Amino acid sequence: MAEQAIQTRQSVSQLRCIGCGKSALADRFRCERCRDLLEIIYPGWQDEGSHGLNAGSLRKLWRDRRASLDSRDQSGVWRFREILPEISAQQVITLREGNTPVYELPRCAKSAGMKQLFAKHQGMNPTGSFKDTGMTVAASFARQAGYKWVACASTGNTSASMAAYAARGGLRSLVLIPDGKISWSKLSQSLDYGALTCQLKTDFDGCVRVLNEVVQRMPVYLLNSVNPYRVEGQKTVAFELLEQFGWDSPDHIIVPGGNLANSSAIGKAMREMKQLGLISKLPRISVIQAKGANPFIRTVREKGGKDLVPVHAETMASAIRIGSPASWKKAVRVIQETDGTVEDVSETEIAIAKSEVGADGIGCEPASAVTLAGLKKLVKREFVKPGESVVLILTGHVLKDSEFTLKFHRGDLFSGTPDEREATSSRPHQRAPVVLDPSVSAVIELLRSAEQ
Ligand code: F0G
């Protein structure tokens, strides 16, 4: 199939309101009529069947690009550029994001009561989180549109990613983060990559409110996940996953929920893959939140997905400490379309699950571990059957929050918190370092006792 014929069809994208369907200009975030969020659509796909945008040629083209030396082909995002909005090759800012591994998790499978379990590890992206896949597209768009400044409010990963891509693309970046409520590693990334970093004395939701005002008054391009180009980039994780599964859909995909852009993006990808004939069956997509930051779970359970139930968010999984998620409507649609479900998990359940992902030799940050903790509950509810295929989306690298990890294993993560009593059940999972005299016999004695 002629590659040229496919590539020329990359550009047919439009912005459309998810509420009233009105189309919007390329650099807007909300509908000017009803204020709902926007999404990118590709009207040209409908009549492309006879011209080459067919499943077989796309699969082959995307696989062949893996052997190419072109920087876009080496990116796990731009390799799929036929399903992305067009950005000219010279404007693309890429750190060779995507191309993340799928791992099998045998110990976690056992602990969840599953025969087999897989994880797609998005923490293996260049800045250590899934944010890079969306950021490469949105930052490139910002550069193409001529912006000098980009900005985001963040719980730490978006800011780290944005700062890196802005720096690579010669843009300045402004970061608003909640003071004292994000991990040191994430804050340090933003500083190192050169962002103008502001710690505001509020939470994530407060940072969003301030930033929304700032971008209306200054020529600064917003790179929060309401940005529809970010969602397009984040979509590619699902294309890549299905490629890794030989285009045979797993039964379930389990995603952590914060601002709900990731679940929305993965759902959009599934819808589009079905439309393009790349897959025949939609996997069920389920969203897990921390009990202390569960607006989406409450929205679905208490309001049938019709109205948002905002909460005051509190969880040690600081990446998903979000009380008023922007993309909740898009995520409701995903749950409904794919027959998925929602679940929330306690702080202790998160900490135990995180240590189990670690014990499988993979590791992840706390927000990612909600997926395993949630899966255990979904198996108990019999929503997931032990023989079904399940993929956990692990969103952040284990080194993103080493303070959490150290405190957990040393046994002081929950000291003085309301969860102290429940957390005693996590003791068998703690693997504290042992301080010894520098003596051979002491080490050997310890080794022997560990073998028993
Ligand atoms: N996991 C991690 C590691 C995250 O950093 C986030 C969100 C999520 C899950 C939730 O994804 O918002 O798309 O539902 N972090 C954002 C940030 C909010 O600013 O870094 P979501």
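Because the structure is predicted, anything quoted here is derived from the model rather than measured. (Residues numbered from 1 in each chain as written. Predicted model: local features only at pLDDT ≥ 70, side-chain atom pairs only at ≥ 80, totals over all residues. Heavy atoms only, no water.)

A. Expanded view of the overall build of the protein. Secondary structure summary: the protein contains 16 helices and 13 strands in total. Over its C-alpha trace the protein gives a radius of gyration of 22 Å, about what one expects of a compact globule, namely 22 Å for 452 residues. Taking the principal axes of the C-alpha coordinates as reference, the protein spans close to 70 × 50 × 50 Å. The buried share of the protein, reckoned over its 452 residues, is 56%. A separation of at least 24 residues holds for 70% of the contacts in the protein among residues at least 6 apart in sequence. When the accessible surface of the protein is summed, it comes to about 18900 Å², and 50% of that surface belongs to carbon and sulfur atoms. Charged side chains in the protein number 59 positive and 49 negative. The centres of these two groups are separated by 3 Å. (Helix = DSSP H or I, 4+ residues; strand = E, 2+ residues; numbered from the N terminus. Rg over C-alpha atoms; globule rule 2.2 N^0.38 Å. Buried < 20%, exposed > 50% of the residue type's maximum accessible area, 1.4 Å probe, protein only. Contact = heavy atoms within 4.5 Å. Areas by Shrake-Rupley, 256 points an atom, 1.4 Å probe, with all protein chains shown as cover. Lys, Arg positive; Asp, Glu negative; His and termini not counted. Charge placed at Lys NZ, Arg CZ, Asp CG, Glu CD.)

B. Molecular detail of the side chain of Asn262. Tracing the backbone through its elements, the reader meets Asn262 in helix α10 (residues 261–275). The class of Asn262 is buried, set by a relative accessible area of 7%. Once you skip the residues sitting within four places of it in the chain, Asn262 turns out to touch Phe130, Gln234, Val255, Ile393 and Thr395.

C. Here's a closer look at the site of the ligand. Around the ligand there are 20 residues in total, and Ser154, Gly258, Asn259, Leu260 and Thr395 lie nearest to it. Thr158 is positioned such that a nitrogen or oxygen atom in its backbone is 2.8 Å from an oxygen atom of the ligand. For the ligand, whose accessible area on its own is 470 Å², the fraction buried by protein is 98%. Contributing elements (two or more residues each) for the shell around the ligand: α6 (157–168) and α10. Residue classes in the shell around the ligand are distributed as eight nonpolar, ten polar and two charged. (Near = heavy atom within 4 Å. Polar contact = N/O pair within 3.5 Å; in protein donor to acceptor, adjacent residues only side chain to side chain. Nonpolar A, V, L, I, M, F, W, Y, C, P; charged D, E, K, R; others polar.)

D. How the structure looks around unusual backbone geometry. At Asn99, a residue that is not glycine, the phi angle is positive and equals roughly 55 degrees. Structurally, Asn99 is set in the loop between α3 (71–74) and β4 (102–104). One non-glycine residue, Leu260, adopts positive backbone phi at about 75 degrees. Among the structural elements, Leu260 can be located in the loop between β10 (252–256) and α10.

E. Here's a closer look at the environment of Glu365. Secondary-structure assignment places Glu365 in the loop between α13 (347–359) and α14 (366–380). By relative accessible area, which is 3% here, Glu365 ends up buried. Distance from Glu365 to Gly396, taken between C-alpha atoms, is 5.3 Å for residues 31 residues apart in sequence. Setting aside anything within four residues of it in sequence, one finds Glu365 in contact with Asn157, Lys186, Ala319, Lys354, Gly396, His397, Val398 and Lys400. Reaching out from Glu365, the side chain makes a polar contact with the side chain of Lys186 at a distance of 2.7 Å.

These figures capture arrangement, not role.
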